[in-house]
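# Summary of structural features
Here's the letter readout for the chains.
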Amino acid sequence: MKEKTKKIKSHMSIYKNYKHRMNILKNKYAGDVCYILSCGPSLNDLDHDFIRKTLKNELVFTVKQSYTVFNEIADFHFFNCNNFTPFSK
């Protein structure tokens, strides 16, 4: 997680109301490129070390199982407990 994200999440944590939390996020990453790493068998077709090195200072969203592979570079993680399909590494 990048310093910018750490500061934003720290600020968000003092609010219990989700509307306030979302307002804090509004436009904080305006102009930034976001990389979304999703799950699926094709995730294993990629060079994980190359992705980690390339995206370590970028805004990264992970989806479901991709977090287990790229948690150290993920700024935000999206989890959907529906349609969960495990895949082997």
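Residues numbered from 1 in each chain as written. Predicted model: local features only at pLDDT ≥ 70, side-chain atom pairs only at ≥ 80, totals over all residues. Heavy atoms only, no water.

### Some remarks on the overall build of the protein chain
Looking only at helices and strands, the protein chain has four helices and three strands in total. Each helix (α) and strand (β) of the protein chain, taken in turn from the N terminus, gives the series α-α-β-α-β-α-β. The buried share among the 89 residues of the protein chain stands at 28%. Sequence separation of at least 24 residues holds for 46% of the intrachain contacts in the protein chain that already meet a minimum separation of 6. Summed over its atoms, the accessible surface of the protein chain is roughly 6500 Å², and 55% of this surface lies on carbon and sulfur atoms. (Helix = DSSP H or I, 4+ residues; strand = E, 2+ residues; numbered from the N terminus. Buried < 20%, exposed > 50% of the residue type's maximum accessible area, 1.4 Å probe, protein only. Contact = heavy atoms within 4.5 Å. Areas by Shrake-Rupley, 256 points an atom, 1.4 Å probe, with all protein chains shown as cover.)

### Brief notes about the pattern of salt bridges
The tally for this structure, following the rule as stated, stands at five salt bridges. A salt bridge links Lys2 to Asp75; the shortest N-O distance between them is 2.8 Å. Here the residue Lys2 occupies a position in the segment before helix H1 (3–12), and Asp75 occupies one in the loop between helix H4 (66–70) and strand S3 (76–78), the gap between them amounting to 73 residues. According to the relative accessible area criterion, Lys2 is buried, its value standing at 13%. (Salt bridge = Lys/Arg side-chain N within 4 Å of Asp/Glu carboxyl O.)

### Some words on the environment of Glu58
Looking at where Glu58 falls in the secondary structure, it is placed in the loop between helix H3 (48–55) and strand S2 (59–63). By relative accessible area, Glu58 is classed as partly exposed at 30%. Taking the C-alpha atoms as reference points, Glu58 and Lys2, 56 residues apart in sequence, are found 7.9 Å from one another. Every residue in contact with Glu58, bar those within four places of it in the chain, is listed here: Lys2, Tyr35 and Asp75.

### Quick notes on the environment of Leu59
Tracing the backbone shows Leu59 in strand S2. Its relative accessible area of 9% is what places Leu59 among the buried residues. Separated by 17 residues in the primary sequence, Leu59 and Phe76 place their C-alpha atoms 8.5 Å from one another. Not counting residues within four places of it along the chain, the set of residues in contact with Leu59 comprises Tyr29, Asp32, Val33, Cys34, Tyr35, Asp75 and Phe76.

### What to know about the packing of aromatic side chains
Across all of its chains, the model carries three aromatic pairs by this definition. On the basis of an interplanar angle of 90° and a centroid distance of 6.0 Å, the ring pair of Tyr29 and Phe76 is categorised as edge-to-face. Of the two residues, Tyr29 is situated in the loop between helix H2 (18–25) and strand S1 (34–37) and Phe76 in strand S3; the sequence distance between them amounts to 47 residues. Between the aromatic rings of Phe61 and Phe76, the centroid separation amounts to 5.6 Å while the plane-to-plane angle is 80°, which identifies the pairing as edge-to-face. With Phe61 in strand S2 and Phe76 in strand S3, this residue pair connects regions lying 15 residues apart in the sequence. Residue Phe76 is classed as buried on the basis of its relative accessible area of 15%. (Phe/Tyr/Trp six-rings, centres within 6.5 Å; stacked < 30°, edge-to-face > 60°.)

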